[in-house]
Amino acid sequence: MSTLADNLSAISARIASAAQAAGRDSASVQLLAVSKTKPASAIREIHAAGVCDVGENYLQEALTKQQALSDLPLIWHFIGPIQSNKTKAIAEHFDWVHSVDRLKIAQRLSEQRPAGLAPLNICLQVNVSGEDSKSGCAPADLPALAKAVAALPNLRLRGLMAIPEPTDDRAAQEAAFATLRQLQEGLDLGLDTLSMGMSHDLEAAIAQGATWVRIGTALFGARDYGQP
Ligand SMILES: *Cc1c(COP(=O)(O)O)cnc(C)c1O
């Protein structure tokens, strides 16, 4: 049985070797531990092993874990689809949101961000694979959305996020991530963040400039189906 600490060393080694292959400093790639469906105790364990950034997809599940872990200096990232009626709690309880794909949601997050907190870090999720079922704004709509979000007072637009269609083909993985990078460069807004790459495709994402890789399965093990 591999422990979380073993999984973390294996992931760190994959990140380091992918960064080296891309001629990048491995410190330029940050690890986001995606803990959906996993218990608070697993987050406590990964934190003890040195990880501070945690990604959650489901609000209620995240809030319950935040309460159980309020003694730890964790940085919480919301990475799931966002409904309007969830924006207030997300604005109050998270440091980053990676999954903003429309202006209405961004406006609500900005309005509802509590005054005492730093601006909420935002990534715009882009649908780079063109699948109807996936969330994310269409590439054609991105420039206007990015400009409008960058102007909102209580948000800090950091960059872009994508979840490409899963494939084992390395060239296809890289093509999707390259699309996201080029879209970001085209915005010319001085953005510093590309949230892309998961357990199965982090190498391709790092080759194309990922600054956050969002890793669930390879850290915490397979998720039970039928769970949220
Ligand atoms: C679940 C999830 C991940 C992690 O995926 P793994 O394949 O388990 O590493 C990353 N990003 C998002 C948005 C997710 O929902």
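Structure first, text after, so check above.
A short tour of the structure in this document, coming up. Remember, it's a predicted structure, so these values are computed and weren't measured experimentally.

1. Concerning the nonpolar core
Item 1. Residues L109, I122 and L124 are the most contacted members of the largest nonpolar core, which totals 64 residues.
Item 2. Among residues more than four places away in sequence, those in contact with L124 are H98, V100, L142, L145, A146, V149, L157, G159, L160 and M161.
Item 3. Among the nonpolar cores identified, the runner-up in size contains seven residues, and L32, V34, M161 and W212 belong to it.

2. A few points about the environment of A138
Item 1. Here A138 lies in the loop between β5 (120–125) and α6 (142–150).
Item 2. In the structure, A138 is positioned 72 residues away from A210 in sequence and 20 Å away in space, judged by C-alpha atoms.

3. Examining the packing of aromatic side chains
Item 1. Applying the stated criterion across every chain, the model contains two aromatic pairs.
Item 2. Seen from their ring centres, F78 and F94 are 5.3 Å apart, and the 85° between their planes marks the pair as edge-to-face. With F78 in strand β3 (residues 75–78) and F94 in the loop between α4 (87–93) and β4 (96–100), the pair connects residues that are 16 residues apart, well separated along the chain.
Item 3. Its relative accessible area of 2% is what places F94 among the buried residues.
Item 4. For the pair W96 and W212, a centre-to-centre distance of 5.5 Å together with 85° between the ring planes defines the contact as edge-to-face. Taken together, the positions of W96 in strand β4 and W212 in strand β8 (residues 212–215) put the pair 116 residues apart, joining distant regions of the chain. Pair check on accessibility: W96 and W212 agree, each one buried.

4. Points about the site of the ligand
Item 1. Near the ligand, the surroundings consist of V34, K36, N57, I79, I163, M198, S199, R214, I215, G216, T217 and R223.
Item 2. At 2.5 Å from an oxygen atom of the ligand is found a side-chain nitrogen or oxygen belonging to S199.
Item 3. For the ligand, an oxygen atom lies 2.8 Å from a polar atom in the backbone of G216.
Item 4. Its free accessible area being 390 Å², the ligand has 91% of it covered by the protein chains.
Item 5. A per-class count over the shell around the ligand returns five nonpolar, four polar and three charged.

Reading the values: rules and limits
- Residues numbered from 1 in each chain as written.
- Predicted model: local features only at pLDDT ≥ 70, side-chain atom pairs only at ≥ 80, totals over all residues.
- Heavy atoms only, no water.
- Core = buried A, V, L, I, M, F, W, Y, C linked by side-chain atoms within 4.5 Å.
- Buried < 20%, exposed > 50% of the residue type's maximum accessible area, 1.4 Å probe, protein only.
- Contact = heavy atoms within 4.5 Å.
- Helix = DSSP H or I, 4+ residues; strand = E, 2+ residues; numbered from the N terminus.
- Phe/Tyr/Trp six-rings, centres within 6.5 Å; stacked < 30°, edge-to-face > 60°.
- Near = heavy atom within 4 Å.
- Polar contact = N/O pair within 3.5 Å; in protein donor to acceptor, adjacent residues only side chain to side chain.
- Areas by Shrake-Rupley, 256 points an atom, 1.4 Å probe, with all protein chains shown as cover.
- Nonpolar A, V, L, I, M, F, W, Y, C, P; charged D, E, K, R; others polar.

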